[in-house]
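# Tertiary structure, described
Read off the chains here:
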Amino acid sequence: QVQMLESGGGLVEPGGSLLLSCTASGSISWVQTWTWYRQIPTKQRELVASDTRGGNTYYSGSVEGRFTISRQDAQNTVHLRMDNLQSADTAQYYCAAASGAYTYWGQGIQVTVSP
């Protein structure tokens, strides 16, 4: 069994920063690809950023230059540093860990950007 624990969400003013973290524990030895998604009600889940073991990263155009994904493989942990947050970044954020044939999902964490 694999447990996924997300942390770091909350309320922030426009222009502010947040650091999201996600740790996979239990029956998981390594993560090939970490991915952060976000979703707001009535819209499809959006891929925000991904990091593939070996150094390949991807950012959606809406966050590139403002968000940074990083990983700590020894701790099976991924971070998403979010700077210059805007109201359009308000969403439920989910992490996903791809390991072998499986993908494990976090429970989701709310990020709200508001004055």
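Preceding block: the structure.
An account of the accompanying structure is given in this report. Just so it is clear, the structure is predicted and the values come from calculations on it, not from any experiment. (Residues numbered from 1 in each chain as written. Predicted model: local features only at pLDDT ≥ 70, side-chain atom pairs only at ≥ 80, totals over all residues. Heavy atoms only, no water.)

## A closer look at the pattern of salt bridges
Side chains bearing opposite charge may pair, as long as their charged atoms lie close to each other. With the rule as written, the count across this model stands at seven salt bridges. Its salt-bridge partner being D73, residue R53 comes within 3.9 Å of it at the nearest N-O pair. Of this pair, R53 sits in the loop between β5 (46-52) and β6 (56-59) while D73 is found in the loop between β7 (67-72) and β8 (77-82), placing the two residues 20 residues apart along the sequence. We note a salt bridge from D89 to R66, for which the minimum N-O separation is 2.8 Å. Linking D89 in the loop between β8 and β9 (91-99) with R66 in the loop between β6 and β7, this pair joins segments that are 23 residues apart in sequence. Considered together, D89 and R66 belong to a single accessibility category, that of buried residues. Within the structure, one salt-bridge network assembled from shared partners comprises R38, E46, R66 and D89. (Salt bridge = Lys/Arg side-chain N within 4 Å of Asp/Glu carboxyl O. Helix = DSSP H or I, 4+ residues; strand = E, 2+ residues; numbered from the N terminus. Buried < 20%, exposed > 50% of the residue type's maximum accessible area, 1.4 Å probe, protein only.)

## Let's talk about unusual backbone geometry
The phi angle at T42 is positive, at roughly 75°, despite the residue not being glycine. Take T42: it is sitting in the loop between β4 (33-39) and β5. A positive phi is found at N76, a non-glycine position, where the angle reads about 50°. Its place among the elements puts N76 in the loop between β7 and β8.

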